[in-house]
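Below are the chains, spelled out letter by letter.
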Amino acid sequence: MAKTFFEELNNANATGVAYKNINLKKAALAYFANNGHATIADLCKELNLSTPKVTNLVNDLINDGLVMDYGKIESTGGRKPNLYGLVADSAFFIGVDVKHDHLNLGLSDFHKNLVTTVEALPYTLDNTKASLEELCQLINNFIDGLTVPREKILGIGINISGRINYATGYNYSLFYFDEEPLSKVIGNKVGIRVFLENDSRAMAYGEFCSDLVHGERNVLFLNLDYGIGMGVLINGELYYGKSGYSGEVGHIPLYDNEIICHCGKKGCLETEASGWALVNMFRQKLAAGSSSMLSRTHRSPEDIHLPDIIEAANNDDMLAIELIAKVGENLGRGVALLMNIFNPELVILGGALAATQDHIRLPIKSAMKKYSLSLVSNDSKLKMSKLGERAGIIGACLLVRNKVLIS
């Protein structure tokens, strides 16, 4: 079945004819994955092979349990061709979206359907070995609770914040405890191949593949959480930069202040336009005597966190709304800068702060118009996330699916 082919795929000793055959199978599967169902003629054109060779290739994939014959299609004349496509339950992929204070996990099939999800699973992200061990245990618990055979799970995509080299699997910001790549460390503990991705890029890809995007190819996605991350799609492809660290928009030195950012520098956009900046502003306002519904439910300002402020804003708390608007205006300055540089077709706002909807969107939009060049930004669209909390797990599943088929 499918396991046989993917064991061949991961066989580093394959050479000659066997190696060429594996690559042809991968190319055919990738075509099905990207285009849906196809005919023998479609594959002949794509692979530049003769009809007999492609027919044999498709028959091999059918025998592997990866492809099936979906029957004949209507034709303008002559013999009706058969339509082939992937078998949905022949392979599965897991996406793990690591947040500041919880995990979202999901399982998708070969047809990109999200089969199972576990959202808002309590977890505290700390840069400690204990936190890493807990992460691996929670992933294993999720896998153990699935009805899908473990051997059919072909890869796990893990989204996490930090400076990640996706090609090598290292995260130089978190869990960098030894010489081995983090992807390998986690992979050894869960027994399935792991691919590491920056959380904002995976979310960007998830949104890009949703029906929020209608033909736009140059898209910016802003992950508005405790920090500010960005995923960039240029001509429909994720942009990584030379070492995989693109998108660190939160660390643009935009302000002349004395606030020290988490990166160790002063004046970063994050110091006045992020979730943690919002929390600091809110606590300072309460300490100075401002009133809020949260004053009645929390003993101390230090007990108030980002989800509390977001919930308060969505329940018409004026202090929360006022400070989110301030953060939005500050963010808008950063977005205007990005508009002037990239001239994108679409900017998508996602992450925790996007849950406040117009409370954050309208001040950002106003500041964008104020600070960007109208010639550059007039025909750019600004939209809110379509997938919300699921953007990360969907993006992770899709990216690991792609990587299994091309790596």
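Just so you know, the residues in each chain are numbered from 1, in the order the chain's sequence is written. pLDDT decides what is reported in this predicted model: residues at 70 or higher carry local features, side-chain atom pairs at 80 or more are listed and counted, and totals for whole chains, interfaces and linings draw on all residues regardless. The side-chain figures draw on all heavy atoms in the structure; neither hydrogens nor water molecules are used.

1. Structural notes on the overall build of the protein
The line we're drawing: Numbering of helices and strands runs from the N terminus; a helix is a DSSP stretch of H or I covering at least four residues, while a strand is a stretch of E covering at least two. In this setup the radius of gyration rests on C-alpha atoms only. A globule is expected at 2.2 Å times the number of residues raised to 0.38. Note on classification: 1.4 Å probe, protein chains only; a residue is buried when its accessible area is under 20% of the maximum for its type, exposed when over 50%, partly exposed between these limits. Two residues qualify as a contact provided that any one of their heavy atoms is within 4.5 Å of a heavy atom in the partner residue. Each accessible area value is a Shrake-Rupley result obtained with a 1.4 Å probe; residue values ignore everything except the protein chains displayed when judging cover.
A count of helical and extended segments in the protein gives 15 helices and 14 strands. Taking 407 residues into account, the globule formula puts the C-alpha radius of gyration at 22 Å, and the protein, at 24 Å, falls close to it. Summarising its shape, the C-alpha atoms of the protein cover approximately 80 × 50 × 35 Å along the three principal directions. In the protein, which comprises 407 residues, the proportion classed as buried is 52%. In the protein, the proportion of contacts linking residues at least 24 apart, taken out of those at least 6 apart, comes to 62%. With the model as given, the accessible surface of the protein reaches about 19100 Å², and the carbon-plus-sulfur share is 50%.

2. Here we look at the sheet that holds strand β11 (residues 228–234)
For clarity, the cut-off: In this analysis, strands are considered paired if DSSP registers two or more bridges between them.
Within the open sheet, the five strands sit side by side as β12-β11-β10-β13-β14. Their pairing is mixed. At either end of the open sheet lies a strand with only one pairing partner, and these are β12 (237–238) and β14 (381–384). Here β11 pairs with β12 via two bridges, running antiparallel. Bridge pairing in β12 places Ile234 opposite Glu237.

3. Brief notes about the side chain of Ser210
Mapped onto the elements, Ser210 comes out in the loop between α7 (199–208) and β10 (219–224). When neighbours within four sequence positions are excluded, Ser210 is seen to be in contact with Lys386 and Leu387.

4. Remarks on the packing of aromatic side chains
How we decide: Note on aromatic contacts: the rings of Phe and Tyr and the six-membered ring of Trp form a pair at centre separations within 6.5 Å, being stacked when their planes are under 30 degrees apart, edge-to-face when over 60 apart, and tilted otherwise. As a reminder, the over-ring test applies to NZ of lysine and CZ of arginine, requiring each to be within 6 Å of the ring centre and within 35 degrees of the ring normal.
Applying the stated rule across the entire model yields seven aromatic pairs. Considering the side-chain rings of Tyr166 and Tyr240, the 3.8 Å spacing of their centres and the 25 degrees angle between planes classify their relative orientation as stacked. Here the residue Tyr166 occupies a position in the loop between β7 (164–165) and β8 (170–171), and Tyr240 occupies one in the loop between β12 and α8 (270–273), the gap between them amounting to 74 residues. For Tyr166, a relative accessible area of 34% translates into the label partly exposed. Ring pairs connect the aromatic residues Tyr170, Tyr172, Tyr176 and Tyr245, which therefore count as one cluster. In this structure, Arg333 packs its charged tip against the face of Tyr371, placed 5.4 Å from the ring centre.

5. Description of the domain arrangement of the protein
This is how it is decided: All domain edges in this entry derive from an automatic or database-based domain assignment. Take the accessible area each of two parts loses on contact, using a 1.4 Å probe, and add the two losses: that sum is the buried area. One speaks of a salt bridge when a side-chain nitrogen belonging to Lys or Arg is within 4 Å of a carboxyl oxygen belonging to Asp or Glu. Side-chain atoms alone can form a polar contact between residues adjacent in sequence; in general such a contact is a pair of N or O atoms within 3.5 Å, and within protein one must be able to donate a hydrogen while the other accepts it.
Under the domain assignment, the protein is made up of domain 1 (5–86), domain 2 (92–204 + 392–406) and domain 3 (214–385). Counting from both sides, the interface comprises 16 residues of domain 2 and, opposite them, 19 residues of domain 3. A combined buried area of about 1400 Å² lies between domain 2 and domain 3, and 57% of that area is made up of carbon and sulfur atoms. The tally of links from domain 2 across to domain 3 stands at zero salt bridges. Taken together, the links from domain 2 to domain 3 amount to five residue pairs in polar contact (both at pLDDT 80 or more). Here the side of domain 2 that touches domain 3 gets five residues from one element, more than from any other, and that element is α7.

6. Brief notes about the environment of Lys326
Relative to the helices and strands, Lys326 is located in helix α12 (residues 318–342). According to the relative accessible area criterion, Lys326 is partly exposed, its value standing at 45%. Along the sequence, Lys326 and His359 sit 33 residues apart, while their C-alpha atoms lie 9.8 Å from each other.

7. Re the side chain of Ser372
With respect to the helices and strands, the residue Ser372 is situated in the loop between α13 (358–371) and α14 (374–377). A polar side-chain atom of Ser372 sits 2.5 Å from the main-chain carbonyl oxygen of Met368.

8. Some remarks on the pairing of strand β3 (residues 92–98)
Burial of β3 is extensive: seven of the seven residues sit out of reach of the surface. Taking every second residue as pointing to the same face, both faces of β3 are buried, with Phe92, Ile94, Val96 and Val98 on one and Phe93, Gly95 and Asp97 on the other. In this structure, β3 lies alongside strand β4 (residues 102–109), joined through seven bridges in antiparallel fashion. Along β4, the bridge assignment pairs Ile94 with Leu107. What sits between β3 and β4 in their antiparallel hairpin is a turn of three residues. By the bridge criterion, six bridges tie β3 to strand β6 (residues 153–160) in an arrangement that is parallel. Following the sheet pairing, Ile94 is matched in β6 by Ile156.

9. Observations regarding the pattern of salt bridges
A full pass over the atoms with the stated rule returns 13 salt bridges. Of the charged contacts in the structure, one is a salt bridge between Lys99 and Asp97, with a shortest N-O distance of 3.1 Å. Residue Arg283 is joined to Glu302 by a salt bridge in which the shortest nitrogen-to-oxygen separation is 3.4 Å. Separated by 19 residues along the polypeptide, Arg283 in helix α9 (residues 275–287) and Glu302 in the loop between α10 (293–297) and α11 (306–314) bring together distant segments of the chain.

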